[in-house]
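Here are the chains, one letter per residue:
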Amino acid sequence: MFYVALMLLIGSLFGRVAAMIKLPTVTGYIFGGLLIGPSFFHIMPETVIDNMEIISEIALAFISFTIGLSFKASYLRRVGLTPLIIAAIESTLAAVLVAGSLILIGSDTAFSLIMGAIAAATAPTSILLVMKEYRAKGPVSEMLKSVAALDDATALILFGFCSTAVRIMVNTSGESINVLSSIFQPIFSVFIALAVGAAVGFAMKYPLKYTKTSGQKLGLLIAFVFLSSSISVGLGVSELLSAMMTGTVLTNISSDAPQMGEFSDRITPPIFILFFVLAGAQLDIHIIPTVGLIGIMYTVFRIVGKFTGAYIGALLTHSPKVVRNYLGFMLLPQAGVGIGLIAISAGILPEYADQIRTVVLSATLLYEFSGPVITKLVLRKTGEIGAIPSNVQEAADF
């Protein structure tokens, strides 16, 4: 409880400081976490940081659920397959460019393929929170929500293909590998996650319908979001896709969905403070000098792949010019899913486990700090920043 209190105080303080100097509050949260983590003062022990994983799970579940609430049938009919096409192209191109560049500089092919697969993942939680902070509204913001929701699925499928190829390449024991099973397992996992979310969304409608008080409805909101996420974790599938699908189904079948969105907006601010302070505390700037040429190639070519892929996808789908030019800038952060793939990769290529972890975490440090600032600049450039958020206005008045 002491460290939770400390994280909330540190996050609130540095979030206010960030707002005062016209930076997104998310940047302040992450910087505050960096100060109390191993990078600087090491106030939070690593054992405490490791035991707070539930905070990340709760935050990701709620933000995925909120994204799902925006996917009304009318919106889905209007955008069609555009977000899926953009997500597939930008993820694939990032994976190809990273893997190809590492092979060209002489890295092991199996290692390069795994690094490329991890590069496909995007976890733009910080970007979405910046959009929410500045009440962003417009074609770029709208497309980002959809692409971000689908990017998790495309990255997992790509990782399934690459990891299968690597397992075959490094299989020196003669053990039989079921190639079809390995390839289609990620695709099957995506469908399982969506099915779990849909079932929870349908089930959520009925108790909400017969519940009258706000307090009881709030309790049901928390219960069903947790239920969707926890069932998915138990089944080993994406809790992000599951929670998103819960929100998608609910918003299309229940008149209580708008109120659930309002409740979520009220209770999640302290959760997000904890989430991003924790994210900062998990980063260690001392590993940056050890990444070498591989780290530079991974970081640079992932950026090129994400930006170029988003541009090509938007061009092919005849998206507005502003989407083509700016969407890629907002697909860089790589926490959640990318970090989760590190553990899986370590099991596939144990001899490269330390190198994979160092490179990905170093890139994550860069993306998490630069991403929110770049997002604010892009939103201002595109004219999609809404009314001045209350916390920014209060800081300016102060």
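Residues numbered from 1 in each chain as written. Predicted model: local features only at pLDDT ≥ 70, side-chain atom pairs only at ≥ 80, totals over all residues. Heavy atoms only, no water.

Caption draft 1: Seen up close, the overall build of the protein. Looking only at helices and strands, one finds 18 helices and zero strands in the protein. For 398 residues, the compact-globule estimate of 2.2 N^0.38 gives 21 Å, and the protein sits close to it at 21 Å. The dimensions of the protein, computed from C-alpha atoms along their principal axes, are 60 × 45 × 45 Å. Among the 398 residues that make up the protein, the fraction classed as buried is 52%. By sequence separation, contacts in the protein at least 24 residues apart represent 84% of the contacts at least 6 residues apart. Counting every atom, the protein has about 17200 Å² of accessible surface; 68% of that belongs to carbon and sulfur. (Helix = DSSP H or I, 4+ residues; strand = E, 2+ residues; numbered from the N terminus. Rg over C-alpha atoms; globule rule 2.2 N^0.38 Å. Buried < 20%, exposed > 50% of the residue type's maximum accessible area, 1.4 Å probe, protein only. Contact = heavy atoms within 4.5 Å. Areas by Shrake-Rupley, 256 points an atom, 1.4 Å probe, with all protein chains shown as cover.)

Caption draft 2: Broad picture of a nonpolar patch on the surface. A cluster of nonpolar side chains, Leu104, Ile105, Leu293, Ile296, Val300 and Val304, forms an exposed patch at the surface whose accessible area comes to about 550 Å². Take the nonpolar patch: its biggest share by element is four residues, from helix 14 (residues 292-316). In this structure, Leu104 sits in helix 6 (residues 82-104). Accessibility expressed as a relative area gives 75% for Leu104, which makes it exposed. (Patch = residues over 30% accessible without salt bridge, like charges linked within 9 Å, V, L, I, M, F, W, Y side chains within 5 Å. Salt bridge = Lys/Arg side-chain N within 4 Å of Asp/Glu carboxyl O.)

Caption draft 3: Quick look at unusual backbone geometry. For His42, which is not glycine, the phi dihedral falls at a positive 50°. The class for His42 is partly exposed, based on a relative accessible area of 39%.

Caption draft 4: Region of interest: the side chain of Gln334. With respect to the secondary-structure elements, Gln334 resides in the loop between helix 15 (321-326) and helix 16 (336-348). By relative accessible area, Gln334 is classed as buried at 0%. Within the local environment of Gln334, its side chain forms a polar contact with the backbone oxygen of Ala121, the two atoms lying 3.5 Å apart. Side-chain polar atoms of Gln334 contact the side chain of Tyr298, separated by 2.8 Å. (Polar contact = N/O pair within 3.5 Å; in protein donor to acceptor, adjacent residues only side chain to side chain.)

Caption draft 5: Fine view of the packing of helix 14 against helix 17 (residues 353-382). At a closest axis distance of 10 Å, the pairing of helix 14 and helix 17 adopts a crossing angle of 50°. The orientation of helix 14 with respect to helix 17, classified from their angle, is oblique. Classified by chirality, the crossing of helix 17 by helix 14 is right-handed. For the pair helix 14 and helix 17, contact is made by Ile294, Gly295, Tyr298, Thr299, Arg302 and Ile303 and by Gln355, Val359, Val360, Ala363, Leu366 and Tyr367, respectively. (Axes fitted to C-alpha atoms, helices over the stretch in contact; angles between N-to-C directions. Parallel < 35°, antiparallel > 145°, perpendicular 65-115°, else oblique. Left-handed = near helix turned anticlockwise from the far one by under 90°.)

Caption draft 6: Structural view of the pattern of salt bridges. Counting across every chain of the model gives four salt bridges. A salt bridge links Glu142 to Arg78, with the nearest nitrogen and oxygen atoms 3.0 Å apart. Of this pair, Glu142 sits in helix 9 (residues 139-169) while Arg78 is found in helix 5 (residues 73-79), placing the two residues 64 residues apart along the sequence. A relative accessible area of 31% means that Glu142 is categorised as partly exposed.

Caption draft 7: Spotlight on helix 2 (residues 25-36). For helix 2, built from twelve residues, the straight-helix expectation of 16 Å at 1.5 Å per residue is met to within 8% by its first-to-last C-alpha distance of 17 Å. Counted residue by residue, helix 2 has eleven buried out of twelve residues, so it is predominantly covered. Burial in helix 2 covers these residues: Thr25, Val26, Thr27, Gly28, Tyr29, Ile30, Gly32, Gly33, Leu34, Leu35 and Ile36. (Expected span 1.5 Å × (residues − 1).)

Caption draft 8: Representation of the packing of aromatic side chains. One pass over the structure, following the stated rule, counts eight aromatic pairs. Aromatic pair Phe71 and Tyr75: ring centres 5.8 Å apart, planes at 5°, arrangement stacked. Taking the centre distance of 4.8 Å and the plane angle of 85° together, the rings of Phe275 and Phe276 count as edge-to-face. For Phe275, a relative accessible area of 10% corresponds to the buried category. (Phe/Tyr/Trp six-rings, centres within 6.5 Å; stacked < 30°, edge-to-face > 60°.)

Caption draft 9: Spotlight on the nonpolar core. Residues Met7, Met44 and Leu327 are the most contacted members of the largest nonpolar core, which totals 75 residues. Among the elements that take part in this core, helix 13 (residues 257-281) stands out by supplying twelve residues, more than any other. Setting aside residues up to four positions removed in sequence, Leu327 forms contacts with Ile86, Val140, Met143, Leu144, Val147, Ala310 and Val322. One finds Ala117, Ile294, Ile342 and Ile348 within the second-largest nonpolar core, a separate group that totals 30 residues. (Core = buried A, V, L, I, M, F, W, Y, C linked by side-chain atoms within 4.5 Å.)

Caption draft 10: A look at the layout of surface pockets. If you add up the space inside the second largest pocket, you get close to 800 Å³. Around the second largest pocket sit 27 residues that line it, and Thr66, Ile67, Leu69, Ser70 and Lys145 are the ones nearest its centre. Contributions of two or more residues to the lining of the second largest pocket are made by helix 4 (53-69), helix 8 (125-133), helix 9 and helix 13. Looking at which element gives the most residues to the lining of the second largest pocket, the answer is helix 13, with seven residues. Here the residues of the lining of the second largest pocket are counted per class, giving twelve nonpolar, eight polar and seven charged. (1 Å grid on protein atoms, 1.4 Å probe; cavity = no way out; pocket = protein on both sides within 12 Å on 5 of 7 lines; lining within 4 Å. Points joined across faces, edges and corners; volume = space filled by probe spheres on them. Nonpolar A, V, L, I, M, F, W, Y, C, P; charged D, E, K, R; others polar.)

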